[in-house]
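Residue-level structure breakdown
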Amino acid sequence: MNNAASILLLAFLALTFLQSGYEKIFYWKDNVAWLKEHFAKTPLKNQVPLALFHLLVVELISGILCVVGAIQLLTNSGREYGFYGAVFSCICLLMMLFGQRLAKDYDGARTIVIYFIPAVMAVYWLN
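Report on the accompanying structure. (Residues numbered from 1 in each chain as written. Predicted model: local features only at pLDDT ≥ 70, side-chain atom pairs only at ≥ 80, totals over all residues. Heavy atoms only, no water.)

1. Observations regarding the overall build of the chain
- Secondary structure assignment for the chain yields five helices and zero strands.
- Here the chain has a C-alpha radius of gyration of 15 Å; the compact-globule value for 127 residues is 14 Å, and the two agree.
- Along the three orthogonal principal directions, the C-alpha set of the chain runs to about 50 × 25 × 15 Å.
- Counting the 127 residues in the chain, one finds 39% classified as buried.
- If you take every contact in the chain between residues at least 6 apart in sequence, the share linking residues at least 24 apart comes to 70%. (Helix = DSSP H or I, 4+ residues; strand = E, 2+ residues; numbered from the N terminus. Rg over C-alpha atoms; globule rule 2.2 N^0.38 Å. Buried < 20%, exposed > 50% of the residue type's maximum accessible area, 1.4 Å probe, protein only. Contact = heavy atoms within 4.5 Å.)

Shown next as structure tokens:
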């Protein structure tokens, strides 16, 4: 498939997850406080910091792999890193979707689908 489209998708995913990771790192307490309230009536209510940490790790892995994958595509040396970046992006989004559905935040879950579509496109194109 077209490298330009794949590079743009990887840039989109990298920006999405690296910015989200940045916000989690530098506004950790605010995120934990908001999410504790968001998940107060769910089985995750006592696991919010741990779940947020796991999400942060997957976001950073996704973003870094997408950056390296875009560079790899630009230099025509392969598609592996971009593919794995897209796969990790999908896993990350599925984790978020699970949380939103568990919290019965259906508007939030719908929003995640908007990000999931290009992530799946990237997996398909880079496979």
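Now that the structure has been shown, we can carry on.
2. Quick notes on the packing of helix α3 (residues 48–74) against helix α4 (residues 80–102)
- Their axes nearest at 7 Å, the elements α3 and α4 cross at an angle of 155°. Taken together, the axes of α3 and α4 lie roughly antiparallel to each other. As α3 runs across α4, the sense of the crossing is left-handed. Of α4, the residues touching α3 (which contributes His54, Leu55, Val58, Glu59, Ile61, Ser62, Leu65, Cys66, Val68, Gly69 and Gln72) are Glu80, Tyr81, Gly82, Tyr84, Gly85, Ala86, Phe88, Ser89, Cys92, Met95 and Met96.
- Broken down by class, the residue content of the contact of α3 with α4 amounts to 13 nonpolar, seven polar and two charged. (Axes fitted to C-alpha atoms, helices over the stretch in contact; angles between N-to-C directions. Parallel < 35°, antiparallel > 145°, perpendicular 65-115°, else oblique. Left-handed = near helix turned anticlockwise from the far one by under 90°. Nonpolar A, V, L, I, M, F, W, Y, C, P; charged D, E, K, R; others polar.)

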